[in-house]
Amino acid sequence: MTPNYSRLCFIFNPISGTNRRFDLRGLLHRQLGSISGLHYEVRPTEYAGHAEELARSAATEGFGVVVAVGGDGTVNEVGRGLLGTGAAMGVLPRGSGNGLARHLGIPLTPAAAVDLLRKPRVLPIDVGRLNGKPFFCTAGLGFDAHVSRCFAEAGTRGLATYVRVALREYGRYQATPIDIEVNNQHISTDCYVLAFANAAQYGNNAYIAPLANIRDGLLDLCLIDQMPLSRAMRVAYGLAAGDLPTSGAATYHTAQTVRVSSKQPLGFHLDGDFAGEATNIAVVIEPLALPVVVGTSFKQ
Ligand SMILES: Nc1ncnc2c1ncn2[C@@H]1O[C@H](COP(=O)(O)OP(=O)(O)OP(=O)(O)O)[C@@H](O)[C@H]1O
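Just so we're clear, the structure is a prediction, and the values are computed from it rather than from any experiment.

Parameters at a glance
- Residues numbered from 1 in each chain as written.
- Predicted model: local features only at pLDDT ≥ 70, side-chain atom pairs only at ≥ 80, totals over all residues.
- Heavy atoms only, no water.
- Pairing = 2+ DSSP bridges.
- Helix = DSSP H or I, 4+ residues; strand = E, 2+ residues; numbered from the N terminus.
- Phe/Tyr/Trp six-rings, centres within 6.5 Å; stacked < 30°, edge-to-face > 60°.
- Lys NZ or Arg CZ within 6 Å of the ring centre and 35° of its normal.
- Near = heavy atom within 4 Å.
- Polar contact = N/O pair within 3.5 Å; in protein donor to acceptor, adjacent residues only side chain to side chain.
- Areas by Shrake-Rupley, 256 points an atom, 1.4 Å probe, with all protein chains shown as cover.
- Buried < 20%, exposed > 50% of the residue type's maximum accessible area, 1.4 Å probe, protein only.
- Contact = heavy atoms within 4.5 Å.
- Patch = residues over 30% accessible without salt bridge, like charges linked within 9 Å, V, L, I, M, F, W, Y side chains within 5 Å.
- Salt bridge = Lys/Arg side-chain N within 4 Å of Asp/Glu carboxyl O.
- Domains from an automatic or database assignment.
- Buried area = accessible area lost by both parts, 1.4 Å probe.

Examining the pairing of strand 9 (residues 185–191)
One face of the sheet, then the other: side chains in a regular strand alternate in exactly this way.
Piece 1. Direction of pairing for strand 8 (residues 176–182) relative to strand 9: antiparallel, over a ladder of seven bridges. The partner of I178 across the bridge, within strand 9, is T189.
Piece 2. Here strand 8 folds back onto strand 9, and the loop between the two strands holds two residues, one of which, N183, carries a positive phi near 50°.

Structure (structure tokens):
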């Protein structure tokens, strides 16, 4: 059945980002209320994980576009719920990082992001899976997973909290010995950060894999083995400047599948949210598995 892009369901995470006074219903009334033939509903989340259930129900009820109103954690849950349903995911960025929205060229201004949904341009994107769990933007092991765990325990959200936690934990965190199998190559190394990028950035224009193409059927792997202060400063600059691949501070591979093993349990994050620990990790890409609404500037 062809999805009906005139039926929109907004899944709203009220705790994402830092602005608590966001009037979603007022915004939608102003931007979409007068369009004949267009039907929309708002469904707020009540707990972590709820967005996945709400998104799947909305797709089953015939909503052709299900919009994640939140940050990359909400996008992850809505995307998971929509896999295999045929409904397209829209994003109304409300998080602190908004990595997927930025990659897809979706405006960060709420009114402009809603305008995109009047006549949505829909393209399928690749979906990553780490031990079977989907991610849409980035997943990773090492320091960034550790920071995502500490961030979840910090009590406050937002970029300032994230930077404060990362600075506090830098220096405490030790690289872990791991074995990586990628493209028939076996790599034994220490791991400070191992990022699996489907999209180019973590969010906030921090480009971990600036060459990543979200529609090429490939993961971009970024490995940073050690992080002495000189390298940490180069990595921070490279993330902001988008030149990490040429900086010498990280090594890159592209692949369809990657296996990682370690004697100690490795924490991992999915789209910035801490998601568990494992000693054996398999990461795969599912090409073009999720239709999404993209911005007018999106080129891939
Ligand atoms: N009603 C709710 N109550 C508590 N937690 C929720 C609720 N709805 C969603 N969540 C959880 O909130 C977490 C954070 O959401 P999200 O990632 O969208 O915001 P953010 O962290 O501010 O943005 P970003 O990831 O872009 O930095 C998600 O992990 C999600 O599971």
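Brief notes about the packing of aromatic side chains
Piece 1. Per the stated rule, a full pass over the model turns up six aromatic pairs.
Piece 2. Aromatic rings pair up to connect F143, Y173 and Y192 into one cluster.
Piece 3. Above the face of the F63 ring, R7 is positioned so that its terminal group lies 4.3 Å from the ring centre.
Piece 4. In this structure, R94 is placed above the aromatic ring of F22, and the distance from its NZ or CZ to the ring centre is 3.8 Å.

Some points on the site of the ligand
Piece 1. Surveying the vicinity of the ligand reveals 21 residues, the closest of which are T45, T74, E77, R157 and D273.
Piece 2. At 3.4 Å from a nitrogen atom of the ligand is found a main-chain nitrogen or oxygen belonging to Y47.
Piece 3. For the ligand, an oxygen atom lies 3.1 Å from a polar atom in the backbone of N98.
Piece 4. For the ligand, the accessible surface in isolation is 640 Å², of which the surrounding protein chains cover 84%.
Piece 5. Of the residues forming the shell around the ligand, the biggest block, four residues, is contributed by helix 3 (residues 72–82).

A closer look at the side chain of N13
Piece 1. Turning to its location among the elements, N13 is positioned in the loop between strand 1 (7–12) and helix 1 (24–32).
Piece 2. With a relative accessible area of 15%, N13 lands in the buried category.
Piece 3. Of note is the side chain of N13, whose polar atom sits 2.8 Å from the backbone nitrogen of I15.
Piece 4. Residues within four places of N13 in sequence aside, it is in contact with T45, V69 and T74.

What to know about a nonpolar patch on the surface
Piece 1. On the surface, a cluster of nonpolar side chains totalling about 370 Å² of accessible area is made up of L159, Y162, V163 and L167.
Piece 2. Within the secondary structure layout, L159 lies in helix 7 (residues 159–169).

As for the environment of D216
Piece 1. If you trace the backbone, D216 turns up in the loop between strand 10 (193–197) and strand 11 (219–224).
Piece 2. Each C-alpha atom of the pair D216 and Q300 lies 8.6 Å from the other, and the pair is 84 residues apart in sequence.
Piece 3. A distance of 2.9 Å separates the side chain of D216 from the backbone nitrogen of L218, its partner in a polar contact.

Brief notes about the domain arrangement of the protein
Piece 1. Domain annotation for the protein reports domain 1 (7–120) and domain 2 (133–288).
Piece 2. Centre-to-centre, using C-alpha coordinates, domain 1 lies 26 Å away from domain 2.
Piece 3. Facing 17 residues of domain 1, the contacting portion of domain 2 comprises 19 residues.
Piece 4. Together domain 1 and domain 2 conceal approximately 1400 Å² of surface at their shared face, both sides included; 63% is due to carbon and sulfur atoms.
Piece 5. Ranking the residues of domain 1 by area buried against domain 2 places N76, R102 and H103 at the top, with a combined share of 35%.
Piece 6. Counting every contact that joins domain 1 to domain 2 gives five residue pairs in polar contact (both at pLDDT 80 or more).
Piece 7. Here the side of domain 1 that touches domain 2 takes six residues from helix 3, the largest share from any one element.

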